[in-house]
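# Descriptive structure summary
The primary structure of each chain is shown beneath.
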Amino acid sequence: MLDLVPFALSDMVAASAALRTVCEGGASMEEAANGVVDYLFEQLVDKSTGEPACALVRFYKAHPCDRLPPDLQEAAQKALADADEEPSSPQCLALLASAGIEPEWNDRRASRRHRAMPLPSVAALERLPMVAAVLGQFGLDPSAVVAPRAAVDGTGSDRSFDVFHVADAVGSPLIPDQDDFVVPYAIRSVIGFGGVLPSGSAFAVVLFTTVAVPRESASMFAPLALSVKVGILPFDDGRVFDDEPCAEVATTERSLRSQVAALTQLIEVRERLVGAQTAQLEAAFATLEERSAQLSDALSALAISEARHEALMEASIDAVITMDHEGRVLGFNPAASRIFGYEQEAALGQPLDDLVIPPRLRPNHREGLRNYLRDGVGPILGRHIEQTGMRADGSEFPVELTVTAMEVPGAPPAFAATVRDISVEKETRGRLKEAREHSARVARTLQESLLPPRLPALPGVELASRYHPAGDGSEIGGDF
């Protein structure tokens with residue numbers, strides 16, 4: 001099987017050799033053409049699905065109308081009448097072989113409109129946009145297709161070979177039957193390759209693909225045209241259609257010279273493609289070397305940054321714990337081991353809530369994580385909050401906690417928490433508060449003992465008293 005995208009140099013070499021082989025031993029050009037279309041339809045696949053990459057493959061040959069089988073002559077005359085052309089045409093584009101996903105596409109006789117397309121004039125050829133584009137991209141003169149002339153030396157070596165390619169078939173003016181064929185069968189791209197035989201007759205193989213084929217892959221089909229030409233050369237002046245009487249294929253000087261010329265062209269085209277591929281590889285290697293140097297510099301900078309980060313983590317007096325989106329511990333610095341009582345190796349990969357969060361608070365932690373993953377909202381993120389932690393022995397203690405979300409494009413979020421044990425600080429604050437309250441109580445008692453229990457009543461005089469201690473009144477002293 002050959003992957004159509006990308007159609008690499010090795011695929012081209014394999015297909016080129018196989019196409020020459022499938023043409024060998026045939027009794028007619030039609031039999032060889034059937035071998036060509038069957039091989040391409042069966043071997044070209046979309047490796048992502050394993051399905052055929054082509055919906056339809058067809059082989060056409062320009063042929064004198066008066067030498068067509070009777071059924072094709074009748075079809076050509078009907079096409080001329082429908083197009084209001086002259087009743088006779090010297091040249092016709094005949095469908096020689098067909099292979100496709102529909103049963104009727106595997107018999108050239110079942111085609112309704114494309115069995116025989118008369119070419120009475122250049123104007124008539126140009127009214128067939130895809131045919132004109134295919135032959136034009138091959139580098140063929142339309143007048144030579146309509147009225148072919150045999151090569152003087154019998155080789156046809158002066159002909160050029162190229163590949164017809166439509167990257168996006170949908171809506172392309174070059175591809176007919178958009179509503180009946182292109183859209184219903186999901187045709188993505190069209191590839192055509194072919195050339196001219198020594199007799200002057202053109203041939204073309206057209207692939208309608210269900211995968212998008214870039215120009216780089218399509219260009220690899222140029223040598224296949226020459227391989228097919230080598231395979232069908234023995235029938236150029238012999239038996240073309242299966243319906244024709246059998247005739248012995250004679251090896252003449254002309255046929256031998258034609259084969260030599262075609263093989264020479266095949267070598268030249270392969271050399272050109274190999275040269276282009278080599279240049280691309282050399283450019284790619286140069287780019288890789290440059291990127292490798294850049295990557296090496298980046299890795300060195302990253303190593304330095306990671307070393308600094310590790311040193312900061314090691315030296316931090318606060319616990320630093322990182323957690324993934326499933327709530328499992330990714331990082332556990334030495335301060336975290338000291339504060340919570342777990343060795344780093346034992347903590348990594350464990351559910352964070354089972355290690356450091358008291359059981360009564362775990363449902364809130366899990367709900368908060370779920371809400372953030374669903375809505376992207378975290379009420380505690382980026383804030384300093386007081387919370388209760390739990391040591392390995394199950395004891396609880398107060399902590400100051402700061403949580404930050406670490407978002408990386410294309411990856412699930414992770415979280416970093418800085419945890420500080422505030423047990424001593426909180427105990428100190430409590431003792432200070434108690435001392436202040438005690439002093440205040442003593443001061444109030446002193447104040448109350450110094451104030452007169454009541455003031456005397458003097459007629460005509462209003463009396464008042466005020467206790468004014470030095471300071472704020474919370475300290476016990478003797479200054480008033």
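Worth saying up front: this structure is predicted, and the values here are computed from it rather than measured.

Analysis parameters
Residues numbered from 1 in each chain as written. Predicted model: local features only at pLDDT ≥ 70, side-chain atom pairs only at ≥ 80, totals over all residues. Heavy atoms only, no water. Pairing = 2+ DSSP bridges. Helix = DSSP H or I, 4+ residues; strand = E, 2+ residues; numbered from the N terminus. Axes fitted to C-alpha atoms, helices over the stretch in contact; angles between N-to-C directions. Contact = heavy atoms within 4.5 Å. Salt bridge = Lys/Arg side-chain N within 4 Å of Asp/Glu carboxyl O. Parallel < 35°, antiparallel > 145°, perpendicular 65-115°, else oblique. Left-handed = near helix turned anticlockwise from the far one by under 90°. Nonpolar A, V, L, I, M, F, W, Y, C, P; charged D, E, K, R; others polar. Buried < 20%, exposed > 50% of the residue type's maximum accessible area, 1.4 Å probe, protein only. Core = buried A, V, L, I, M, F, W, Y, C linked by side-chain atoms within 4.5 Å. Expected span 1.5 Å × (residues − 1). Patch = residues over 30% accessible without salt bridge, like charges linked within 9 Å, V, L, I, M, F, W, Y side chains within 5 Å. Areas by Shrake-Rupley, 256 points an atom, 1.4 Å probe, with all protein chains shown as cover.

## What to know about the sheet that holds strand S4 (residues 54-64)
- The strand order across the open sheet formed by six strands is S6-S5-S4-S9-S8-S7, and the pairing between neighbours is antiparallel. One side of each edge strand has no neighbouring strand; the edge strands of this open sheet are strand S6 (116-118) and strand S7 (163-166). Between one strand axis and the next, the sheet turns through 20° on average, direction left out of account.
- The sheet strands contacting helix H9 (residues 222-232) are S4, S7, strand S8 (189-196) and strand S9 (202-209), and the helix crosses S8 at an angle near 45°.

## Considerations on the pattern of salt bridges
- On inspection of all chains with the given rule, the structure shows 17 salt bridges.
- A cluster of three or more residues bridged by salt bridges with shared partners is formed by Glu386, Glu400, Arg420, Glu425, Lys426 and Arg429.

## Regarding the packing of helix H1 (residues 9-23) against H9
- Direction vectors running N to C along H1 and H9 enclose 15°, while the axes themselves pass 8 Å from each other. Judged by the inter-axis angle, H1 sits roughly parallel to H9. Classified by chirality, the crossing of H9 by H1 is right-handed. In this structure, H1 contributes Met12, Ala15, Ser16, Leu19, Arg20 and Cys23 to the contact, and H9 contributes Pro223, Leu224, Ser227, Val228, Val230, Gly231 and Ile232.
- Tallied by class, residues from the contact of H1 with H9 come to nine nonpolar, three polar and one charged.

## As for the sheet that holds strand S3 (residues 51-52)
- As summarised here, the arrangement of the three strands in space is S1-S2-S3, forming an open sheet in which the pairing is mixed. A single partner strand is all that each edge strand has here, and the edge strands are strand S1 (2-3) and S3.
- Inspection of the sheet shows S1 paired to strand S2 (residues 44-46) by two bridges, in the parallel sense. Bridging across to S2, aspartate 3 finds its partner in valine 45.
- Each of S1, S2 and S3 is contacted by helix H2 (residues 29-43), which is oriented at about 20° to S2, the strand it contacts most.

## Thoughts on the pairing of S7
- Burial along S7 is two-sided: the face carrying Val163 and His165 and the face carrying Phe164 and Val166 are both buried.
- Strand direction decides the pairing type here: S7 and S8, joined by four bridges, are antiparallel. For valine 163, the partnering residue across the bridge sits in S8 and is phenylalanine 193.

## A closer look at the nonpolar core
- Counting 53 residues, the largest nonpolar core has Phe59 and Phe221 as its most contacted members.
- Sorting the residues of this core by element identifies H1, H2, S4, helix H3 (70-82), strand S5 (91-100), S8, S9 and H9 as the ones contributing at least two each.
- A per-element tally of this core places H2 first, with eight residues.
- Those residues in contact with phenylalanine 59 that sit more than four places away from it in its chain are Ala33, Val36, Val37, Ala94, Leu95, Leu96, Ala97, Phe203, Ala204, Val205, Val228 and Ile232.

## Looking at H2
- Counted at 1.5 Å a residue, the expected span for H2 with its 15 residues is 21 Å, and the 21 Å between its end C-alpha atoms agrees.
- Listing the buried residues of H2 in full gives Met29, Glu30, Ala32, Ala33, Gly35, Val36, Val37, Tyr39, Leu40 and Phe41.

## With respect to unusual backbone geometry
- A cis amide bond links valine 5 to the next residue, proline 6, at an omega of -5°.
- Of note, proline 6 is situated in the loop between S1 and H1.
- One non-glycine residue with positive phi stands out, namely aspartate 177, at about 55°.
- Here aspartate 177 lies in the loop between S7 and helix H7 (178-182).

## Here's the deal with the environment of alanine 144
- Looking at the element boundaries, alanine 144 is found in helix H6 (residues 142-146).
- The spacing of alanine 144 and alanine 202 is 58 residues in sequence and 9.2 Å in space, taken between C-alpha atoms.

## Some details on a nonpolar patch on the surface
- A grouping of Leu455, Leu458, Val461 and Leu463 is seen on the molecular surface, where their side chains present a nonpolar patch of about 330 Å² in accessible area.
- Examined against the element boundaries, leucine 458 turns out to sit in the segment after helix H15 (423-450).
- Classification of leucine 458 by relative accessible area gives partly exposed; the value is 46%.

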